[in-house]
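Descriptive structure summary
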Amino acid sequence: MFLEIVTPEASIFQGDVDSVTVPGVVGEFQILNNHAPIVSLLQEGNVRISGKLEIEEAYQDKFSKGDNDSRVLKINSGTIEMNDNKIIILVD
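How each quantity is defined
- Residues numbered from 1 in each chain as written.
- Predicted model: local features only at pLDDT ≥ 70, side-chain atom pairs only at ≥ 80, totals over all residues.
- Heavy atoms only, no water.
- Patch = residues over 30% accessible without salt bridge, like charges linked within 9 Å, V, L, I, M, F, W, Y side chains within 5 Å.
- Areas by Shrake-Rupley, 256 points an atom, 1.4 Å probe, with all protein chains shown as cover.
- Salt bridge = Lys/Arg side-chain N within 4 Å of Asp/Glu carboxyl O.
- Helix = DSSP H or I, 4+ residues; strand = E, 2+ residues; numbered from the N terminus.
- Buried < 20%, exposed > 50% of the residue type's maximum accessible area, 1.4 Å probe, protein only.
- Contact = heavy atoms within 4.5 Å.
- Lys, Arg positive; Asp, Glu negative; His and termini not counted.
- Polar contact = N/O pair within 3.5 Å; in protein donor to acceptor, adjacent residues only side chain to side chain.

In this section: a nonpolar patch on the surface. A surface patch of nonpolar side chains, about 340 Å² in accessible area, is lined by Val25, Val26 and Leu41. Residue position: leucine 41 is located in strand E5 (residues 38-42).

Right, let's talk about unusual backbone geometry for a bit. You will see that aspartate 84, though not glycine, has its phi angle at about 55°, which is positive. Tracing the backbone through its elements, the reader meets aspartate 84 in the loop between strand E9 (78-83) and strand E10 (86-91). One non-glycine residue with positive phi stands out, namely asparagine 85, at about 60°. Note on placement: asparagine 85 falls in the loop between E9 and E10. Look at asparagine 85 and you get partly exposed, because its relative accessible area is 22%.

This part is about the side chain of threonine 21. The topology assignment puts threonine 21 in strand E3 (residues 19-24). Aside from chain neighbours lying at most four places away, what touches threonine 21 is Glu28, Phe29, Gln30, Asn46, Val47 and Arg48.

On to the side chain of glutamate 4. In this fold, glutamate 4 is placed in strand E1 (residues 2-6). For the buried glutamate 4, no salt bridge is present, and the opposite-charge side chain at shortest range is lysine 86, 4.4 Å distant. Ignoring any residue separated from it by four or fewer positions in sequence, one finds glutamate 4 in contact with Ser11, Phe13, Gln14, Lys86, Ile87, Ile88 and Ile89.

Considering the arrangement of structural elements, one finds asparagine 33 in the loop between strand E4 (27-32) and E5. For the pair asparagine 33 and glutamate 54, spaced 21 residues apart in sequence, the C-alpha to C-alpha distance is 19 Å. The residues touching asparagine 33, leaving out its near neighbours within four places in the chain, are Met1, Asp18 and Asn85. Reaching out from asparagine 33, the side chain makes a polar contact with the side chain of asparagine 85 at a distance of 3.2 Å.

As a further point, take the pattern of salt bridges. Counted by the stated rule, this structure contains 2 salt bridges. When the shortest N-O distance is used, the salt bridge between arginine 48 and glutamate 28 registers 3.0 Å. Of the two residues, arginine 48 sits in strand E6 (residues 45-50) while glutamate 28 sits in strand E4, which places them 20 residues apart along the sequence. Its relative accessible area of 52% is what places glutamate 28 among the exposed residues. Residue glutamate 44 pairs with lysine 74 through a salt bridge whose shortest N-O separation is 3.6 Å. Here glutamate 44, found in the loop between E5 and E6, pairs with lysine 74, found in strand E8 (residues 71-75); they are 30 residues apart in sequence, far enough to count as distant. Of the two residues examined, glutamate 44 and lysine 74, each falls in the exposed class.

As structure tokens, this is what we get:
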């Protein structure tokens, strides 16, 4: 599935991923390929992205390494939309 992460400054990630785990306002949840369409608010926490990720050099400092091939992005809040295997996360 395709993931795009957008901040007020720039689009910091675009690419194919295996899974995304986000801090929803009623608890953490994971999105996998062919997940049902969803729109949700996000709270402060970590966005975990799994897969073979290619992050642009200019934005690598925003992500920390997680388990295996995963990367972690710390966010204050945001929104997520998943539809037709495309995820868009807007964060600040």
